[in-house]
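# Coordinates in review
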Amino acid sequence: MDKIRYVNHLGQEINLWGADENRNVIVGSYRSARGYLYSHENGSLYIDPKEWEALIVCSPREKANDLIDLLEADSSVNESGKFYFNDYYIRCKFLGISEIISENEKFIKLSLSFLSMKNEWSKETNVSFAPHKEDVGEGLDFDFDFDFDFSGIASATNTLTNNGLVPADFRLSFDGVGSSVNVVVGDNDYIINNVVESGESFFLDTEREEVYKTTPLGKVDLFPASSNTSYIFEKLKKGANKVVWTADKIINFTVIEHRRIPPWI
């Protein structure tokens with residue numbers, strides 16, 4: 001059975017296909033969320049924002065209040081939520097109730113409208129790489145040059161995989177141990193010329209194009225400290241990507257794969 005749910009920007013979640021612990025039910029038809037069409041101009045294809053409808057039945061009627069309140073928590077502050085179809089989600093904004101189709105004492109049937117500014121389904125996979133010492137000495141031949149020298153220091157390697165059809169976004173984080181940021185993913189260097197001290201944490205998000213650290217005194221934007229020779233928000237290429245980093249820290253990735261339509265199964 002498909003798992004369909006909505007998660008708002010506050011992290012509040014509601015099941016859109018089935019019953020809760022009190023046997024209150026929400027079911028619906030969400031087929032229009034999956035469809036898309038390319039527009040075209042001079043032989044190039046584009047995806048435009050789209051509005052889509054969800055036909056939803058809530059039983060008892062009061063269950064509709066829980067749903068609308070959770071959706072309105074986003075719309076009232078102009079935020080987007082995530083509509084999940086199994087493991088994939090599409091970002092959307094709740095536009096409102098387009099029609100109250102029918103209602104009685106036992107249920108209410110509503111047509112709800114949504115707007116997806118980017119017709120893109122995403123799947124998130126969390127991966128953590130633990131340190132393991134690998135002394136990198138002279139004679140180790142990389143296919144490309146680093147902006148920094150691994151020779152004579154401890155480093156670790158692993159593989160980060162993008163199973164999607166197009167380049168994936170990712171989030172990277174780790175707790176500081178008093179060193180600068182030197183992480184290589186695939187053939188791109190992610191370098192920040194700023195020390196992330198013990199007690200601080202580093203965060204990179206290629207989707208939101210944010211790179212910063214949190215400190216006891218607050219959040220510090222690190223984009224001005226990024227390398228001029230490589231793009232700090234470079235996406236993850238398709239397939240397997242070798243990851244190299246200094247081996248004194250656990251690093252955490254969230255790979256965000258993208259596609260136009262979620263898999264049928």
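Residues numbered from 1 in each chain as written. Predicted model: local features only at pLDDT ≥ 70, side-chain atom pairs only at ≥ 80, totals over all residues. Heavy atoms only, no water.

Our next topic: the confidence of the model for the chain. Looking at the chain as a whole, the pLDDT averages 89, with 90% of positions reaching at least 70. Low pLDDT (under 50) marks residues 135-153, which in the prediction has 31 contacts with non-local residues, meaning those over four places away or in another chain. (pLDDT = per-residue confidence, 0-100. Contact = heavy atoms within 4.5 Å.)

Glancing now at the side chain of K82. By the secondary structure assignment, K82 is in strand β8 (residues 81-85). Accessibility expressed as a relative area gives 19% for K82, which makes it buried. Here E124 takes part through its side chain, which lies 3.3 Å from a polar atom of the side chain of K82. With residues near it in sequence (within four places) discarded, K82 still touches R5, Y6, V7, Y89, I90, R91 and E124. (Helix = DSSP H or I, 4+ residues; strand = E, 2+ residues; numbered from the N terminus. Buried < 20%, exposed > 50% of the residue type's maximum accessible area, 1.4 Å probe, protein only. Polar contact = N/O pair within 3.5 Å; in protein donor to acceptor, adjacent residues only side chain to side chain.)

Before going further, it helps to spend a moment on the nonpolar core. Within the largest apolar cluster, 27 residues are counted, with the highest numbers of intra-cluster contacts made by Y6, L16, L67, F83, L112 and F114. Mapped by element, the contributors of at least two residues to this core are β1 (4-7), β7 (50-59), α1 (63-75), β8, β9 (88-103) and β10 (108-116). Once residues within four sequence positions are removed from consideration, L112 is found in contact with W52, E53, A54, I56, L67, I68, L71, F94, G96, I97 and S98. Counting residues in hydrophobic clusters, the runner-up holds 25 residues, among them F129, F174, V181 and V255. (Core = buried A, V, L, I, M, F, W, Y, C linked by side-chain atoms within 4.5 Å.)

Cis geometry is adopted by the peptide bond preceding P60, which originates at S59 and carries an omega value of 0°. In the Ramachandran plot, R23 falls in the positive-phi region, its phi being about 65° despite a non-glycine side chain. With respect to the helices and strands, the residue R23 is situated in the loop between β3 (18-19) and β4 (25-29). A positive phi angle is found at N42, which is not glycine, with a value near 55°. Looking at where N42 falls in the secondary structure, it is placed in the loop between β5 (38-41) and β6 (44-47).

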